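# Residue-level structural notes
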Amino acid sequence: MKLYSLIYDDLKSLQNFVETRFQPDQHLFIQLFSGSGDCVVLQNILDYLHTRLPQSVVIGATSAGEIHRAQTSQETIVLSFCLLETSRASVYYLDVADRKSAYEIASRAITPLTKVCIAFTEPLKSKENEAFIQALGEAAAHVVVAGGNAADSFAFAQTYLFHADRIEDHGVVLAILEGDSLHVHQDYSFGWTQIGKTMTVTRCKGNDLYELDHQPIETVYRHYLGNDMIRGLPASAIAFPLVSQSENVEVCRSIVGVNKDRSYRFAGEFREGDRVRFAIGNIEEIMEKAETLQQTLCENTIEAMFIYSCAVRKYFLKDQLHYELALLEQIAPTVGFFTYGEFFRGCIANHLLNVTTTILALSESSQNRVPLKKTMLRPATDSVLKFLTHLVNTTQCELDESVNFLRQYKTVLDHSAIFSKMDTQGYITYVNDAFCAATGYTRDEIIGTKHSRFRHPEHDESSYDTLWETIQSQRIWQGVLKCLNRQGETFYIKSTLVPVVNEHGQTMEYITSSTDITEQIVKDRIIQEQLIDELTGLGNRQALFNEIRSDTNEKMLMLINLIGFSEINDYLGYDVGDALLKEIGALLDQRFAEKHRVVFRINGDEFALLIKENDHVWQHKNSDKLYRMIHYLEKHIFLIQGYEIVVRLNVGIASGCDDHIYMQSHIALKEAKKRDEVIVTYNLNETLKDKTKHNIQIIHKIQHAVENDRIVPFYQGIYDNVQKKLPSTKC
């Protein structure tokens, strides 16, 4: 294999070049790259080659610049002649470049001996070039695919393809090379440094990009690249492509146009869910990548090298581009062109790349590689951009780490709380799924409205005023809100509202995290209902015990019994008796409404008063008040349904720290009934305490005897005088 190339001057010089080097029967693989769209000149060239070299194959494309022996040119015509010794090349043209045509050409032209397929496609009319390349990789996984999209020096008006003696303005041309001794190596060099945050493609269609991170693409470009960049699109942003990662290949997408619907067209497809970042050309990194590429290629035997490089690199690199190409020329003769997108075979699939130099290295020789004879001196560059890029990316990495933590916190909130955000005017800007589930509305129905739409009409409006006053003063508000859902059902949330402020101390928005406590509220109400005496609304016996056990502090319990209450029910009726109980309960509650005093109704005619104070202090300071209260009740005339009713009372009092005081006060009450006294205080009656102690000891002895089987029964016979016998016994 040997590669020859020239820059076309005129037909006569081309004839001289060809006829002094090649025989008509030789098999050549010829590529034509034209920076000119002069079809007359191009047709003359094709006609000559087709006639003079009938055993050769010709393909080509218009370009955005030409590459010849490490030199670049503009608006020239470059021809390369690759003399094949043992390999064979064949050329094909397809009207349409799509998945179907890729599978058809693969089944018709690809064989087990096929090593490489070089394809040139027309990019301005076809939207499925990338799909064609990908399908070709699926149909012929063992074949390296190279080449690229035709170009027209950023005019984006008309591109052409060449094959045999034909010029085409659409479709795809392919050259298929095969042979046992054909060695193929493919590589690429990118060198653009990814910069800034990673964004997700949230809306796209083929090559047209509509949204990143749910933001219009124009908004994203304006935010990160500025208004001047927007006014100059697409040319102004061509050096700032978007880059994603696919099977360790940096897949770059350059903007090529702005659509009428304000979406942006790129030189390659996107898929929703792709993760992309902006990239910027870093001269030092590009040259480092070029040097690494040279070292990698030197490990292979190479006789011819075809370069398909993106037009953006020529536009951006300019003088530095010569260094990259010269490194490759040191290895083997080079030729190629600048494209609107390059084709590259990854480990698994084919890719359409942008802003990339792709290399197709061929050889028919199995000889050992020839080492480089000399190295090139890297051109001097300004390292400021490299340092700034490193600074920006390091800062972005730190920011991404913080954002990642915040995102995880948000995930926890979204899965554990009813979460929302609102602007400074109170309009909702975000709600999670739990918020939608609690209210019964969809996200679209909620966004843009206010939380007041969920306010329960029974909820105190002043509490909302307090809420707003709190958060507007940049303080955190916490509390319980009573709300209504879409179905008109009541629900309760325990909420925390936090103002979010910027670095200038200005409130930017408010975030709300809430927990649905409806079930807890309902349960508490049910429990409270079980602790309330239905007739008087006072606490019942169970409520009394709960209050006694709520702490271990000293407390006093008074049990108040109405003497002869059953007679009121019997003679005056139960409705009168109930009314009397209500009035007595209300009177007690009123007289003992001070802090730490609680009134209970514990059974039909019995009330309790629990005084949570030191009993000794209270007794000494308030004993007269206590007796006056009891005396007042006994002297008070209750007027109920025309009846004047006077009540008599027995009161038992005990003090202590636990629920034993209930038993003790009950003993005192029984003693008061027995003695027909108004008040008996357990703690002040030593005889009563001794009697109680004795009774408890007797009970413990009996219990101990039963548990240890120490009770001996004695029986007495019952004599029947009639029958004159003992028919039974009595224990």
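The present account deals with the structure reproduced in this document. (Residues numbered from 1 in each chain as written. Predicted model: local features only at pLDDT ≥ 70, side-chain atom pairs only at ≥ 80, totals over all residues. Heavy atoms only, no water.)

## Some remarks on the overall build of the protein chain
Looking only at helices and strands, the protein chain has 20 helices and 40 strands in total. Whereas a compact globule of 731 residues would reach a radius of gyration of roughly 27 Å, the protein chain reaches 49 Å, over 25% beyond that. Overall, the protein chain is about 155 × 70 × 50 Å in size when its C-alpha atoms are taken along their principal axes. Expressed as a percentage of the 731 residues in the protein chain, the buried residues total 48%. By sequence separation, contacts in the protein chain at least 24 residues apart represent 72% of the contacts at least 6 residues apart. (Helix = DSSP H or I, 4+ residues; strand = E, 2+ residues; numbered from the N terminus. Rg over C-alpha atoms; globule rule 2.2 N^0.38 Å. Buried < 20%, exposed > 50% of the residue type's maximum accessible area, 1.4 Å probe, protein only. Contact = heavy atoms within 4.5 Å.)

## Section: the pattern of salt bridges
Going through the model one piece at a time under the given rule, you end up with 21 salt bridges. One salt bridge in this structure joins Glu329 and Arg69, with 2.5 Å as the shortest N-O distance. Here Glu329, found in helix H9 (residues 321-329), pairs with Arg69, found in the loop between strand S4 (66-68) and strand S5 (71-73); they are 260 residues apart in sequence, far enough to count as distant. When its relative accessible area of 17% is taken as the criterion, Glu329 is described as buried. (Salt bridge = Lys/Arg side-chain N within 4 Å of Asp/Glu carboxyl O.)

## A short note on the packing of helix H3 (residues 99-109) against helix H4 (residues 129-139)
Contact geometry of H3 with H4 gives a least axis separation of 8 Å together with a crossing angle of 35°. With respect to the hand of their crossing, H3 and H4 are arranged in right-handed fashion. Taking contact as the criterion, the partners of Arg99, Ser101, Ala102, Tyr103, Ile105 and Ala106 in H3 are, on H4, Ala131, Phe132, Ala135, Leu136, Glu138 and Ala139. Considering only residue class, the contact of H3 with H4 consists of 9 nonpolar, 1 polar and 2 charged. (Axes fitted to C-alpha atoms, helices over the stretch in contact; angles between N-to-C directions. Left-handed = near helix turned anticlockwise from the far one by under 90°. Nonpolar A, V, L, I, M, F, W, Y, C, P; charged D, E, K, R; others polar.)

## Some remarks on a positive patch on the surface
Taken together, the side chains of Lys670, Lys673, Lys674 and Lys691 define a basic patch exposed on the protein surface. Counting residues per element, the positive patch draws most heavily on helix H19 (residues 660-675), which supplies 3 residues. By secondary structure assignment, the location of Lys670 is in helix H19. On the accessibility criterion, Lys670 (54% relative accessible area) is exposed. (Patch = residues over 30% accessible without salt bridge, like charges linked within 9 Å, V, L, I, M, F, W, Y side chains within 5 Å. Areas by Shrake-Rupley, 256 points an atom, 1.4 Å probe, with all protein chains shown as cover. Lys, Arg positive; Asp, Glu negative; His and termini not counted. Charge placed at Lys NZ, Arg CZ, Asp CG, Glu CD.)

## Points about the pairing of strand S28 (residues 428-431)
Pairing of strand S27 (residues 418-422) with S28 involves 3 bridges; the strand directions are antiparallel. Within S28, the residue paired with Lys421 across the bridge is Tyr430. Between S27 and S28, which pair antiparallel one after the other, the connecting turn spans 5 residues, and Gly426 there sits at a positive phi close to 95°. (Pairing = 2+ DSSP bridges.)

## Describing the sheet that holds strand S23 (residues 334-339)
Across the sheet, which stays open at both edges, the 6 strands sit in the order S5-S4-S23-S22-S26-S13 with mixed pairing between neighbours. Unpaired on one side and paired on the other, S5 and strand S13 (183-189) mark the two borders of the sheet. When the angles between neighbouring strand axes are averaged without regard to direction, this sheet yields 20°. In this structure, S4 lies alongside S5, joined through 3 bridges in antiparallel fashion. When the bridges of S5 are listed, His68 appears paired with Gln71. In the packing of helix H7 (residues 283-297) onto the sheet, the strands contacted are S13, strand S22 (304-310) and strand S26 (357-363), and the crossing angle to S13 comes to about 165°.

## Brief notes about the layout of surface pockets
As a volume, the largest pocket reaches approximately 1000 Å³. Taken together, 23 residues make up the lining of the largest pocket; nearest its centre are Lys197, Val403, Arg407, Lys410 and Lys421. Taken together, the elements giving at least two residues each to the lining of the largest pocket come down to strand S14 (192-205), helix H10 (384-416), S27 and strand S31 (507-516). Of the residues forming the lining of the largest pocket, the biggest block, 9 residues, is contributed by H10. Grouping the constituent residues of the lining of the largest pocket by class yields 9 nonpolar, 6 polar and 8 charged. (1 Å grid on protein atoms, 1.4 Å probe; cavity = no way out; pocket = protein on both sides within 12 Å on 5 of 7 lines; lining within 4 Å. Points joined across faces, edges and corners; volume = space filled by probe spheres on them.)

## Observations concerning helix H15 (residues 541-548)
All of the buried residues in H15 are Ala543, Leu544, Phe545 and Ile548. Capping of H15 at its N-terminal end is provided by Asn540; its side-chain oxygen lies 3.2 Å from the backbone amide nitrogen of Gln542. (Polar contact = N/O pair within 3.5 Å; in protein donor to acceptor, adjacent residues only side chain to side chain.)

## Brief notes about the nonpolar core
By size, the foremost hydrophobic cluster in this structure holds 42 residues, and its most contacted members are Leu297 and Met305. Those elements giving two or more residues to this core turn out to be strand S18 (249-253), H7, S22, helix H8 (311-317), H9 and S26. Apart from residues lying up to four places away in sequence, Leu297 is in contact with His185, Asp187, Ile302, Met305, Leu328, Ile331 and Ile359. (Core = buried A, V, L, I, M, F, W, Y, C linked by side-chain atoms within 4.5 Å.)

## A short note on unusual backbone geometry
Following Leu233, the chain continues to Pro234 via a peptide bond in cis, the omega torsion being 5°. Within the secondary structure layout, Pro234 lies in the loop between helix H6 (227-231) and strand S17 (242-246). Residue Arg69 is not a glycine yet carries a positive backbone phi of 50°. The class for Arg69 is partly exposed, based on a relative accessible area of 42%. A positive phi angle, close to 55°, is found at Val355, a residue other than glycine. Tracing the sequence through the fold places Val355 in the loop between strand S25 (350-353) and S26.

## Some words on the side chain of Glu342
Structurally, the position occupied by Glu342 is in strand S24 (residues 342-345). Despite its burial, Glu342 pairs with no opposite charge, the nearest such side chain being Arg313 at 7.5 Å. Here the side chain of Glu342 touches Thr356 through a polar contact of 3.3 Å, landing on its backbone nitrogen.

## Structural notes on the sheet that holds strand S3 (residues 57-62)
Ordered in space as S1-S6-S2-S3-S10-S11, the 6 strands form an open sheet in which the pairing is mixed. A single partner strand is all that each edge strand has here, and the edge strands are strand S1 (2-7) and strand S11 (166-168). Neighbouring strand axes in the sheet, compared pairwise and without regard to direction, differ in orientation by 15° on average. In the packing of helix H1 (residues 11-19) onto the sheet, contacts are made with S1 and strand S6 (77-83), and the angle to S1 comes to roughly 165°. With respect to the sheet, helix H2 (residues 39-52) is in contact with strand S2 (28-34), S3, S6, strand S10 (161-163) and S11, its orientation differing from that of S6 by roughly 15°.

## Focus: empty space enclosed by the protein
Inspection of every chain in the model, using the stated rule, returns 1 cavity of 30 Å³ or more. Of the voids in this model, the largest cavity is the one considered here, and its volume is about 60 Å³. Of all the secondary-structure elements, those providing two or more residues to the lining of the largest cavity are strand S19 (255-258) and H8.

## Thoughts on the packing of aromatic side chains
For the coordinates displayed, the defined rule picks out 24 aromatic pairs. Of the aromatic side chains, those joined through ring pairs into one cluster are Tyr4, Phe17, Phe22 and Phe81. Its guanidinium or amino end placed over the ring of Tyr210, Arg203 lies 4.2 Å from that ring's centre, counting from NZ or CZ. The aromatic ring of Tyr441 is capped on one face by Arg453, whose charged end is 4.3 Å from the ring centroid. (Phe/Tyr/Trp six-rings, centres within 6.5 Å; stacked < 30°, edge-to-face > 60°. Lys NZ or Arg CZ within 6 Å of the ring centre and 35° of its normal.)

## Here we look at the pairing of strand S30 (residues 490-501)
By the bridge criterion, 8 bridges tie strand S29 (residues 477-484) to S30 in an arrangement that is antiparallel. Paired with Trp477 across the bridge in S30 is Leu497. What sits between the antiparallel neighbours S29 and S30 is a turn of 5 residues, in which Gly488 has the positive phi angle 80°. With 9 bridges connecting them, S30 and S31 associate as antiparallel partners. By the bridge assignment for S31, Val498 is matched with Ile511. Connecting the antiparallel pair S30 and S31 is a turn made up of 5 residues, with Gly505 showing a positive phi of about 80°.

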